[in-house]
Amino acid sequence: MRRFRPKAALTTPQVVTGDAPPGAPANLTITAGNAEAALDWDNNSEGDAAGYKVYRGTSSGNYSLVATVAGASNSAYTNTGLTNGTQYFFVVTCYDTNGNESPYSSEVNGTPSAPSCNAVAYKHAVDGDGSDEYFRFSGSRSDLAGALIEYDRAWSVAFRCR
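So, here's what we can say about the structure. Remember, it's a predicted structure, so these values are computed and weren't measured experimentally.

Cut-offs and rules
- Residues numbered from 1 in each chain as written.
- Predicted model: local features only at pLDDT ≥ 70, side-chain atom pairs only at ≥ 80, totals over all residues.
- Heavy atoms only, no water.
- Helix = DSSP H or I, 4+ residues; strand = E, 2+ residues; numbered from the N terminus.
- Buried < 20%, exposed > 50% of the residue type's maximum accessible area, 1.4 Å probe, protein only.
- Areas by Shrake-Rupley, 256 points an atom, 1.4 Å probe, with all protein chains shown as cover.
- Contact = heavy atoms within 4.5 Å.
- Polar contact = N/O pair within 3.5 Å; in protein donor to acceptor, adjacent residues only side chain to side chain.
- Pairing = 2+ DSSP bridges.
- Axes fitted to C-alpha atoms, helices over the stretch in contact; angles between N-to-C directions.
- Salt bridge = Lys/Arg side-chain N within 4 Å of Asp/Glu carboxyl O.
- Phe/Tyr/Trp six-rings, centres within 6.5 Å; stacked < 30°, edge-to-face > 60°.
- Core = buried A, V, L, I, M, F, W, Y, C linked by side-chain atoms within 4.5 Å.

Turning to the overall build of the chain, a few remarks are in order. Within the chain, the secondary structure is distributed over 1 helix and 10 strands. Start at the N end of the chain and walk to the C end: the helices and strands fall as β-β-β-β-β-β-β-β-β-α-β. Within the chain, buried positions represent 28% of all 162 residues. Within the structure as shown, the chain displays about 10800 Å² of accessible surface, and the carbon and sulfur contribution to it stands at 48%.

Let us look at the environment of asparagine 79. With respect to the secondary-structure elements, asparagine 79 resides in strand S5 (residues 76-80). By relative accessible area, which is 5% here, asparagine 79 ends up buried. The sequence separation of asparagine 79 and arginine 56 amounts to 23 residues, and the corresponding C-alpha distance is 9.2 Å. In this view, asparagine 79 contacts Ala35, Glu36, Ala37, Arg56, Val66 and Phe90; residues no more than four positions away in its chain are not counted. There is a polar contact of 2.8 Å between the side chain of asparagine 79 and the side chain of arginine 56.

This brings us to the sheet that holds S5. Taken together, 3 strands build an open sheet; the order of strands is S1-S2-S5 and the sheet is antiparallel. Only two strands of the sheet have a single neighbouring strand rather than two, namely strand S1 (29-32) and S5. Neighbour to neighbour, the strand axes of the sheet diverge by 15 degrees on average, direction disregarded. Pairing analysis gives 4 bridges linking S1 to strand S2 (residues 36-40), with the strands arranged antiparallel. Following the sheet pairing, isoleucine 30 is matched in S2 by leucine 39.

One open sheet holds the 4 strands; their spatial order is S4-S3-S6-S7, and the pairing between them is antiparallel. One side of each edge strand has no neighbouring strand; the edge strands of this open sheet are strand S4 (62-70) and strand S7 (108-110). Taking the axes of each pair of neighbouring strands and ignoring which way they run, one obtains an average angle of 30 degrees across the sheet.

The tally for this structure, following the rule as stated, stands at 1 salt bridge. Across the salt bridge formed by lysine 53 and glutamate 101, the nearest N and O atoms sit 3.8 Å from each other. Taken together, the positions of lysine 53 in strand S3 (residues 49-59) and glutamate 101 in the loop between strand S6 (88-96) and S7 put the pair 48 residues apart, joining distant regions of the chain.

So, on to the packing of aromatic side chains. In this structure the tally under the stated criterion is 3 aromatic pairs. Ring centres 5.3 Å apart and planes at 65 degrees place the aromatic pair tryptophan 41 and tyrosine 52 in the edge-to-face group. With tryptophan 41 in the loop between S2 and S3 and tyrosine 52 in strand S3, this pair connects stretches of sequence that are 11 residues apart. Ring centres of tyrosine 63 and tyrosine 104 lie 5.3 Å apart, and the angle between their planes is 85 degrees; on these two criteria the pair is classed as edge-to-face.

One finds Leu28, Leu39, Trp41, Tyr52, Val54, Phe90 and Val92 to be the most contacted residues of the largest nonpolar core, which totals 15 residues. Here the element with the most residues in this core is S6; it accounts for 4 residues.

Moving on, we get to unusual backbone geometry. Where the residue is not glycine, phi is negative for most of them; where a peptide bond is considered, it is trans in most cases. One non-glycine residue, asparagine 27, lies in positive phi territory at about 60 degrees. Phi is positive for alanine 35, close to 60 degrees, though the residue is something other than glycine. Locating alanine 35 in the fold gives a position in the loop between S1 and S2. A residue is classified by how much of its surface remains accessible, and alanine 35, at 23% relative accessible area, is partly exposed.

The following block contains the structure:
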């Protein structure tokens, strides 16, 4: 029977500096807009931080990767092409130059929506009484899309959506 004898003594594995995963991103915030969600978080100050990964889902705790944001100082991302009226849940992780990934950040959620619109009918004081007259209509863009507003030449109509 042959025995194997190592030529050198075995040593305890060493932890290489920078090999531990980075800390989770902090202070994640969301601003939902028209078919989009803008995310922002604090920069990771660890020396080997390389970027971030953004995860999204339509239920809490169930996410898929939607974006990789390169650069430790690029701590914002806008997810476009979302469906208005659908609630989305987001978390962000940080990855380092060795490929280690942090735990998830705190979860945020938001629901994109179409901008609100106002139709304003305005009549400048031409009827002699010295007062301007306004009529306002409010609703979503789809609510006002089929509205019929009749007016004469003294009136002007403006639509404003935010």
